[in-house]
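Residue-level structural notes
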Amino acid sequence: MSSILIQVIVGGLLLGAVYALFSSGLTLIWGMMNIVNFAHGDFVMLGMYVAFVVWTLFGVGPLVGAPVAALVLATVGIIVYFGLIRSVMKGPMLAQILGTFGLALLLRYSAFNIFGANFMTLPENIVGGTFDVLGIRVQASRLLAGAVALLVTLGLHMLLTRTSLGSKMLAVAEDSTAAQLMGIRPDTMQAIAWAIAAGATGIAGALIATFFYIAPTVGETLGIVAFVTVSLGGFGSVPGALVAGLLIGVIESVSAYWIGAVYKDIVVYSLFLCFLWFRPQGLMGKT
């Protein structure tokens, strides 16, 4: 295996870790409430703009921008839950779909109004230069994004499976009525789930903004990636989102290297459809 191909695979794994991070929020919401958030990609877009604003005002990078984006998006998540989701959950599935789709448009065109339609970027050296490890060159920004995304995703999984809060959230997801009889408030747990999911997208957005373009429409592209990642990994499975994100990142990078960046999406989505033909529940989804 050539050193260039190894470098491409490493880059794909780092990108895939970021994919997994912002997809884990989507799978958490589905697992808790059986709601597909069509505004999820636009939450990532907001996180990117928060990182850009933090850099513009204070001249600092993602080490400050990511926590700020997490706090801002977590607040947005709570507002969205109490202002929209709690109401549309009482209606049919169509109301939930149209409600979150309308929210996506609201966020997107608000960004157009505030920031304009021009593409924006953060400085290439905002994190550092390029590392050379055993002949493999890796951008510091991508290394930081991949490492932090992997740690946060694993932390989210540990939160859900190893803590009292996680047990309460899973109890609400399993049977909200029974959980309420045990003294757990479903409203509170669901609001916390939205805060965590949105906060994770904020971190992902701030990290990916260091090497990706920033524009109001970027949420469309990232939203599709999130849905593919969650579907491939299995709706409701954070480990599944992690594995699927890493796979998609590697497939994208290797496809771009072998046959050209123009065709990488064709390869990813073709393999995705072929996989779902044989296993529609995803890698780690329930049958």
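This section reports on the structure supplied with the text.

Attention now goes to the overall build of the protein chain. Along the backbone of the protein chain there are 11 helices and two strands. For the protein chain, the α and β elements follow one another from N to C terminus as α-α-α-α-β-β-α-α-α-α-α-α-α. For 287 residues, the compact-globule formula gives about 19 Å, and the C-alpha radius of gyration of the protein chain, at 19 Å, lands near that figure. Counting only C-alpha atoms, the protein chain reaches 60 × 50 × 35 Å along its principal axes. Taken across its 287 residues, the protein chain has 47% of its residues classed as buried. Look at the contacts in the protein chain between residues 6 or more apart in sequence, and 76% of them connect residues 24 or more apart. Per element, the accessible surface of the protein chain, about 13600 Å² overall, is 69% carbon and sulfur. Within the protein chain, the 9 negative side-chain charges are centred at a point lying 8 Å from the centre of the 11 positive side-chain charges.

The next subject is the pattern of salt bridges. Using the criterion set out here, one finds four salt bridges in the structure. The shortest N-O distance in the salt bridge between D187 and R86 comes to 2.8 Å. Here R86 lies in helix α3 (residues 62-88) and D187 lies in helix α8 (residues 186-208), a separation of 101 residues in the sequence. Given a relative accessible area of 33%, R86 falls into the partly exposed group. As a salt-bridge pair, E220 and R108 come within 3.2 Å of each other at their nearest N and O atoms.

It is worth spelling out the layout of surface pockets at this point. Empty pockets left among the atoms are what a rolling probe the size of a water molecule brings to light. The space that makes up the second largest pocket amounts to roughly 360 Å³. It is helix α1 (residues 3-33) that contributes the most residues to the lining of the second largest pocket, six residues altogether. Split into classes, the residues belonging to the lining of the second largest pocket amount to seven nonpolar, five polar and four charged.

In the structure shown here, the tally under the stated rule is one cavity of 30 Å³ or more. Counted as a void, the largest cavity has a volume near 40 Å³. Considering the residues around the largest cavity, the lining is formed by V225, V228, T229, I248, E252, D265, V268 and Y269. At the level of elements, α9 (218-233), α10 (238-259) and α11 (264-278) are the ones that each hand at least two residues to the lining of the largest cavity. Taken together, the residues of the lining of the largest cavity break down into five nonpolar, one polar and two charged.

Looking now at the packing of α1 against helix α5 (residues 140-162). Orientation of α1 relative to α5, taken along the N-to-C sense of each, is 30°, at an axis distance of 7 Å. Considering how the two elements wind past one another, α1 and α5 form a crossing that is left-handed. Across the interface between the two elements, L14, A17, V18, A20, L21, S24 and L28 of α1 pack against R142, L143, A145, G146, A149, L150, V152, T153, L156 and L160 of α5. Class assignment for the residues of the contact of α1 with α5 results in 13 nonpolar, three polar and one charged.

The rules we used
- Residues numbered from 1 in each chain as written.
- Predicted model: local features only at pLDDT ≥ 70, side-chain atom pairs only at ≥ 80, totals over all residues.
- Heavy atoms only, no water.
- Helix = DSSP H or I, 4+ residues; strand = E, 2+ residues; numbered from the N terminus.
- Rg over C-alpha atoms; globule rule 2.2 N^0.38 Å.
- Buried < 20%, exposed > 50% of the residue type's maximum accessible area, 1.4 Å probe, protein only.
- Contact = heavy atoms within 4.5 Å.
- Areas by Shrake-Rupley, 256 points an atom, 1.4 Å probe, with all protein chains shown as cover.
- Lys, Arg positive; Asp, Glu negative; His and termini not counted.
- Charge placed at Lys NZ, Arg CZ, Asp CG, Glu CD.
- Salt bridge = Lys/Arg side-chain N within 4 Å of Asp/Glu carboxyl O.
- 1 Å grid on protein atoms, 1.4 Å probe; cavity = no way out; pocket = protein on both sides within 12 Å on 5 of 7 lines; lining within 4 Å.
- Points joined across faces, edges and corners; volume = space filled by probe spheres on them.
- Nonpolar A, V, L, I, M, F, W, Y, C, P; charged D, E, K, R; others polar.
- Axes fitted to C-alpha atoms, helices over the stretch in contact; angles between N-to-C directions.
- Left-handed = near helix turned anticlockwise from the far one by under 90°.

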